[in-house]
Amino acid sequence: MGRKVTLSTCSLNQWTLDFDGNLERILKSIEIAKAHGAKYRLGPELEICGYGCADHFYESDTLLHSFQVLRKLLESPITQDIICDVGMPIMHRNVRYNCRVLFLNGKILLIRPKMQLANYGINREMRWFSPWKQSRQVEEYFLPQIIQEVTGQDTVPFGDCVLSTRDTCIGTEMCAELWNPRSPHVQMGLDGVEIFTNSSASHHELRKADQRVNLVKSATIKSGGIYLYANLRGCDGDRVYYDGCAMLAINGDIVAQGAQFSLNEVEVITATLDLDDVRNYRGERCQPNMVRQHRSNRSAVRGCLVAFCFAFTIFSAH
Ligand SMILES: NC(=O)CC[C@H](N)C(=O)O
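In this numbering scheme, every chain counts its residues from 1 along its sequence in written order. pLDDT decides what is reported in this predicted model: residues at 70 or higher carry local features, side-chain atom pairs at 80 or more are listed and counted, and totals for whole chains, interfaces and linings draw on all residues regardless. In computing side-chain values, all of the structure's heavy atoms are included and hydrogens and water are not.

### Some remarks on the pattern of salt bridges
To keep things clear, this is the line we draw: Any carboxyl oxygen of Asp or Glu that lies within 4 Å of a side-chain nitrogen of Lys or Arg is treated as forming a salt bridge with it. Helix and strand labels come from DSSP, where a helix needs a run of H or I of at least four residues and a strand needs a run of E of at least two; each type is numbered from the N terminus. The buried label goes to any residue with under 20% of its type's maximum accessible area, the exposed label to any with over 50%, and the partly exposed label to all in between, with areas taken from a 1.4 Å probe on protein chains only.
The tally for this structure, following the rule as stated, stands at 18 salt bridges. Put simply, Glu149 and Arg71 hold a salt bridge, and the shortest N to O gap is 2.8 Å. With Glu149 in helix α3 (residues 145-151) and Arg71 in helix α2 (residues 60-75), this pair connects stretches of sequence that are 78 residues apart. Note on Arg71: relative accessible area 22%, which makes it partly exposed. Its salt-bridge partner being Asp85, residue Arg100 comes within 2.7 Å of it at the nearest N-O pair. Here Arg100 is found in strand β4 (residues 95-104), whereas its partner Asp85 is found in strand β3 (residues 83-92), with 15 residues between them in sequence. Accessibility expressed as a relative area gives 0% for Asp85, which makes it buried. Connected via shared salt-bridge partners are Arg41, Glu47, Asp85 and Arg100.

Written out as structure tokens, the structure reads:
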């Protein structure tokens, strides 16, 4: 019996501080993902406010407007019945983090702050954000009033946490983390995460698209798994060009890839994949490593490294 999952990722032409336009494009991408039958929609890094906000990240308005957009997303009927994974800056205990917010049916499931920041080449993330250093640890994040009013939640898990649905486990990786020798997908794969997501703001450089493809392939060829890669497209208000190329891979094969230099504002790519292919691949190639790792990490997993949404089945009917 196959265990099919339909997943979407996208390239969006987001603009720094264009909160209304960014919201519109995010909603459009979710609408398309749902029309494709997807149960999970991934978007690019910091898609709500734009990646290139620079010192505007210091302004509390940037964080507030990001939450206002998140509220609109949570309230929208378009976001019903699909896990949405969106990017925005969030301050926790007076520290700013570059985060993913995962939500389903009006409830926030978890917030995952970036753990390995891009601070090389043209990237200066350390100027505005701190990396989340507490590997495999979560804290309670107290939601602002405007979010509490719509979700009915006071706190949500914040930290190095993965998401368990009734039928699979999904783990987040953010842009530079894929390029790091300590990429989170390595440990997550050994822990049994089957679907990895990567929300990127990866600017164009000659031959870099090829490097991304190689990184995504190697991430999933080692311990198997499905990998979703999302990227920005366009200029975002910065002096760089983001070249899209969203992709989906399984067990080392790229199965769907978006355009590189398209003028499309919103491009969604979707694939229906079989989780049994991941389980069989791992069974054949990685079983001995995974069993040992899994045992040693079990207590950590019990210690709330997993946000559960067991009411949700990600397998599609066909
Ligand atoms: N936003 C980032 O983390 C950038 C990481 C990496 N340099 C890339 O371009 O893909």
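### Topic: the pairing of strand β13 (residues 247-250)
Here is the rule we go by: Any two strands with at least two DSSP bridges between them are considered paired.
The alternating pattern of β13 places Met247 and Ala249 and Leu248 and Ile250 on opposite faces, both of which are buried. The pairing of strand β11 (residues 226-234) with β13 spans four bridges and is classified as antiparallel. Its bridge partner lying in β13, Tyr229 is registered against Met247. In textbook terms, the turn of a hairpin is the stretch between consecutive antiparallel strands, and for β13 and strand β14 (residues 253-257) this stretch comprises two residues, one of which, Asn251, has a positive phi near 45°.

### Focus: helix α5 (residues 208-223)
So the rule is basically this: What a helix is expected to span follows from its residue count: subtract one and scale by 1.5 Å. Here, the arc refers to the directions that run from the helix axis to the C-beta atoms.
Along its 16 residues, α5 runs 24 Å from first to last C-alpha, staying within 8% of the 22 Å computed at 1.5 Å per residue. Of all the residues in α5, the buried ones are Lys208, Ala209, Arg212, Val213, Val216, Ala219, Thr220 and Ser223. Along the long axis of α5, the arc covered by the buried residues comes to 155°, so they all point the same way. Once α5 ends, the next one or two residues include Gly224, with phi positive near 75°.

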